[in-house]
Amino acid sequence: MVCDDRMNDNTADFLCRAAGFNSMVSWSNNGLSYNRISYNSWRDRFGMVFALDNLQCIPGARELQNCSYNPIGHHDCSYSEGLVLHCSTEDDGMDLQGMDVELQKVNGAISSNGTVVLNGTQTSGLVCADGVDARTATLLCHEAGYDYLVDYNSAKNVNSSDKLDCDTMRDRDISVIAEDLNCTANSTELGACSASVASGDCDADDALWLSCTNDRGPEWVLTNLTMAYNEAGHHDERDARVGGRYGSVVVFLENKRTGEYRFGLVPYTGSSYTRSSMCYMTGYTNRYPSYRRTGQISDNANIKLSCGFLLEHEISVVLSYFWCPVYYQNLSECEFTLADDHVPSNSDAMYLHC
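Please read all numbers here as calculations on a predicted model, not as lab measurements.

What follows covers the pattern of salt bridges. With the rule as written, the count across this model stands at 10 salt bridges. Here arginine 135 ties to aspartate 133 by a salt bridge, and the two come within 3.6 Å at their closest N and O atoms. Note on arginine 135: relative accessible area 39%, which makes it partly exposed. Close ionic contact of arginine 170 with aspartate 171 constitutes a salt bridge, the shortest N to O distance being 3.1 Å. For the residue pair arginine 170 and aspartate 171, the accessibility class agrees, reading exposed in each case.

When you line up the elements, glutamate 219 lands in the loop between strand E11 (208-213) and strand E12 (220-229). Sequence-wise, glutamate 219 and arginine 241 are 22 residues apart; in three dimensions their C-alpha atoms are separated by 30 Å.

Attention shifts here to the side chain of aspartate 165. Mapped onto the fold, aspartate 165 is located in the loop between strand E8 (148-154) and helix H4 (166-171). Although buried, aspartate 165 forms no salt bridge, and the nearest oppositely charged side chain, arginine 170, lies 7.5 Å from it. Polar contacts involving the side chain of aspartate 165 include one to the main-chain amide nitrogen of asparagine 107, which spans 2.7 Å. Filtering out sequence-adjacent residues up to four positions away, aspartate 165 remains in contact with Lys105, Val106, Asn107 and Gly108.

Summarising the sheet, strand E6 (residues 113-119) and strand E7 (residues 124-127) pair through three bridges and their orientation is antiparallel. Note that in E7 the partner of asparagine 119 across the bridge is serine 124. Joining the antiparallel neighbours E6 and E7 is a turn of four residues. Two strands pair when backbone bridges link them, and E7 and strand E9 (residues 176-182) are joined in this way by two bridges, in the parallel orientation. Looking at the pairing, valine 127 lines up with alanine 178 of E9.

Turning to unusual backbone geometry, a few remarks are in order. Here the phi dihedral of asparagine 107 falls at roughly 65°; this positive angle occurs in a residue that is not glycine. Note that asparagine 107 resides in the loop between strand E5 (100-104) and E6. Even without being glycine, aspartate 180 reaches a positive phi, approximately 55°. With respect to the helices and strands, aspartate 180 occurs in strand E9. Of the residues examined, aspartate 180 reaches a relative accessible area of 47% and is grouped as partly exposed.

Along the chain, glutamate 314 turns up in the loop between helix H6 (307-312) and strand E17 (319-323). Overall, glutamate 314 belongs to the exposed group, its relative accessible area being 75%. Distance in space between the C-alpha atoms of glutamate 314 and glycine 264 is 9.2 Å, their sequence separation being 50 residues.

Right, let's get into the packing of aromatic side chains. Applying the stated criterion to the full structure yields seven aromatic pairs. Between the aromatic rings of phenylalanine 252 and phenylalanine 263, the centroid separation amounts to 5.7 Å while the plane-to-plane angle is 20°, which identifies the pairing as stacked. One end of the pair, phenylalanine 252, is in strand E14 (residues 246-255); the other, phenylalanine 263, is in strand E15 (residues 261-265), and 11 residues separate them in sequence. With a centroid separation of 4.8 Å and an interplanar angle of 90°, the aromatic rings of tyrosine 273 and tyrosine 327 are classed as edge-to-face. A residue pair is termed long-range when its members are at least 10 positions apart, and tyrosine 273 in helix H5 (residues 272-281) and tyrosine 327 in the loop between E17 and strand E18 (335-338) qualify at 54 residues. Taking the relative accessible area as the measure of exposure, tyrosine 273 reaches 35% and is therefore partly exposed. The ring centre of tyrosine 291 lies 3.5 Å from the NZ or CZ of arginine 275, which sits over that ring. If you follow arginine 293 out to its NZ or CZ, it ends over the ring of tyrosine 268, 4.0 Å from the centre.

This paragraph deals with a nonpolar patch on the surface. A surface patch of nonpolar side chains, about 260 Å² in accessible area, is lined by Leu64, Tyr69 and Ile72. Mapping tyrosine 69 onto the fold places it in the loop between strand E3 (67-68) and strand E4 (83-88).

Among the residues of helix H3 (residues 134-143), those classed as buried are Thr136, Ala137, Leu139, Leu140 and Cys141. Residues of H3 that are buried in the fold lie against E5, E8, E9 and E11. One or two residues past the end of H3 sits glycine 145, with phi positive at roughly 100°.

Counted under the stated rule, the structure contains eight disulfides. In this model, cysteine 16 is linked to cysteine 87 through a disulfide, with the two sulfur atoms separated by 1.9 Å. Judged by the torsion about the S-S bond (-75°), the cysteine 16/cysteine 87 disulfide is left-handed. Of this pair, cysteine 16 sits in helix H1 (residues 9-18) while cysteine 87 sits in strand E4, placing them 71 residues apart in sequence. Overall, cysteine 16 belongs to the buried group, its relative accessible area being 0%. With a sulfur-sulfur separation of 2.1 Å, cysteine 183 is cross-linked through a disulfide to cysteine 193.

Of all 10 residues that make up H1, seven are buried, and the element is covered over most of its length. Those residues of H1 not exposed but buried are Asp9, Thr11, Ala12, Asp13, Phe14, Leu15 and Cys16. Looking at the buried residues of H1, the elements they touch are strand E1 (23-29), strand E2 (56-57), E3, E4 and strand E10 (194-197). Its side-chain oxygen at 3.2 Å from the backbone nitrogen of asparagine 10, asparagine 8 defines the N-terminal cap of H1. Taken from the residues just after H1, glycine 20 is the one with a positive phi, measuring 100°.

Thresholds, definitions, all that
Residues numbered from 1 in each chain as written. Predicted model: local features only at pLDDT ≥ 70, side-chain atom pairs only at ≥ 80, totals over all residues. Heavy atoms only, no water. Salt bridge = Lys/Arg side-chain N within 4 Å of Asp/Glu carboxyl O. Buried < 20%, exposed > 50% of the residue type's maximum accessible area, 1.4 Å probe, protein only. Helix = DSSP H or I, 4+ residues; strand = E, 2+ residues; numbered from the N terminus. Lys, Arg positive; Asp, Glu negative; His and termini not counted. Polar contact = N/O pair within 3.5 Å; in protein donor to acceptor, adjacent residues only side chain to side chain. Contact = heavy atoms within 4.5 Å. Pairing = 2+ DSSP bridges. Phe/Tyr/Trp six-rings, centres within 6.5 Å; stacked < 30°, edge-to-face > 60°. Lys NZ or Arg CZ within 6 Å of the ring centre and 35° of its normal. Patch = residues over 30% accessible without salt bridge, like charges linked within 9 Å, V, L, I, M, F, W, Y side chains within 5 Å. Areas by Shrake-Rupley, 256 points an atom, 1.4 Å probe, with all protein chains shown as cover. Disulfide = S-S within 2.5 Å.

Have a look at this one:
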C-alpha cells in the first residue's frame with residue numbers, strides 16, 4: 001500500500017498512469033473513502049506494511065526514479081492513511097476552469113509583467129511557453145486583470161528581476177503544470193481554453209512570461225512609407241531602388257510598447273484618397289497617380305520589387321487594411337490593420353507611379 005503523506009496531484013497522476021490509466025481524477029485515503037481495501041485484506045495480503053511513504057513526484061513523472069520517497073517498507077503510517085485513487089481512461093487534458101492567473105516577479109510579487117502562475121483550488125504552477133501564441137497570451141493578460149498584451153516570451157529570455165525567482169519556486173514547490181495551452185478565437189475565459197498536463201519535458205526556464213498593460217495609447221504606429229523597385233535577377237539589399245516616384249509601396253512600423261520594428265508591402269486599395277496620400281507622403285503631390293496590383297506587372301519590367309527579391313529578403317504584405325480619409329494626408333492621419341491573422345498575397349500588393 002502507498003501512504004498519503006506528502007501526496008499531491010502530480011504524484012497521484014503519476015500513480016494512475018503507472019497503473020495503466022490516462023490520468024488521475026481525484027485521490028483520498030482509507031479514512032475518507034468508501035472505495036478502499038479492507039483492514040483485514042491489508043493485514044492478510046500485505047502484512048500491514050506500507051511499501052511507499054512520503055512519495056512525491058515531479059510533474060509529468062514517467063517512472064519511479066522521477067520521484068522521492070522513504071526507503072521501501074520504511075513508514076510511520078496507519079491503515080487510515082492508505083492512498084485511494086480514482087483514475088480515468090479518458091485523456092481530458094487539464095481542467096482550467098476556475099483557475100486564476102497571476103504574473104509574478106521576484107519573491108512572488110504580483111506585477112503587470114512576470115512569470116505566469118495558474119492558481120487553482122487543488123493545484124498551482126507554471127505554464128510552458130512552447131506553442132503559446134499572441135491570442136492566448138492576450139487572453140491571459142485579460143484574466144490577470146489587464147486590457148492589452150505588450151509582450152510574451154520564455155522566462156529564460158527575461159531579466160532575473162522581471163520574473164519569478166528560483167528560491168521562491170523551490171520554497172513554494174512551484175513547477176510547470178500545464179503545456180500546449182491554446183485559446184481559440186472564441187475563447188473569452190481561461191476555462192474555455194485547452195491544455196495538457198505537463199509531461200516533464202518543459203522546465204522553469206521554458207515557463208511562460210508575460211508583459212501586460214492597461215495603457216490605451218497606440219501600440220503600433222506607422223513611421224515611414226516609400227516606394228521601391230529592383231532589377232529582376234539582382235537580389236542584394238543594395239539593388240533596391242528606394243524613394244523614387246514609382247514602385248511597390250513599402251511601409252515601416254514601430255511598436256511603441258516593445259520597441260519592435262516591422263516593414264513590408266501595403267495591400268492594394270481602390271481609395272483615391274489613400275493613393276494620393278501615399279504619393280504625398282513620399283514627396284509627390286499627385287492627386288491621381290497611376291496604380292496597379294503588383295501581380296499585374298511582370299518582374300522583368302523592373303518597376304517593382306521582384307518575386308526573387310521578396311523571397312530573398314522574406315518580405316510580404318504587412319498590413320491587411322490601409323486607408324486615408326481625404327487627399328494628401330500624413331501617416332498619422334491614416335488607419336491600418338496589421339496582417340497578423342490574414343496575410344494578403346504579395347500579388348495583391350500596391351504599386352504606385354506618382
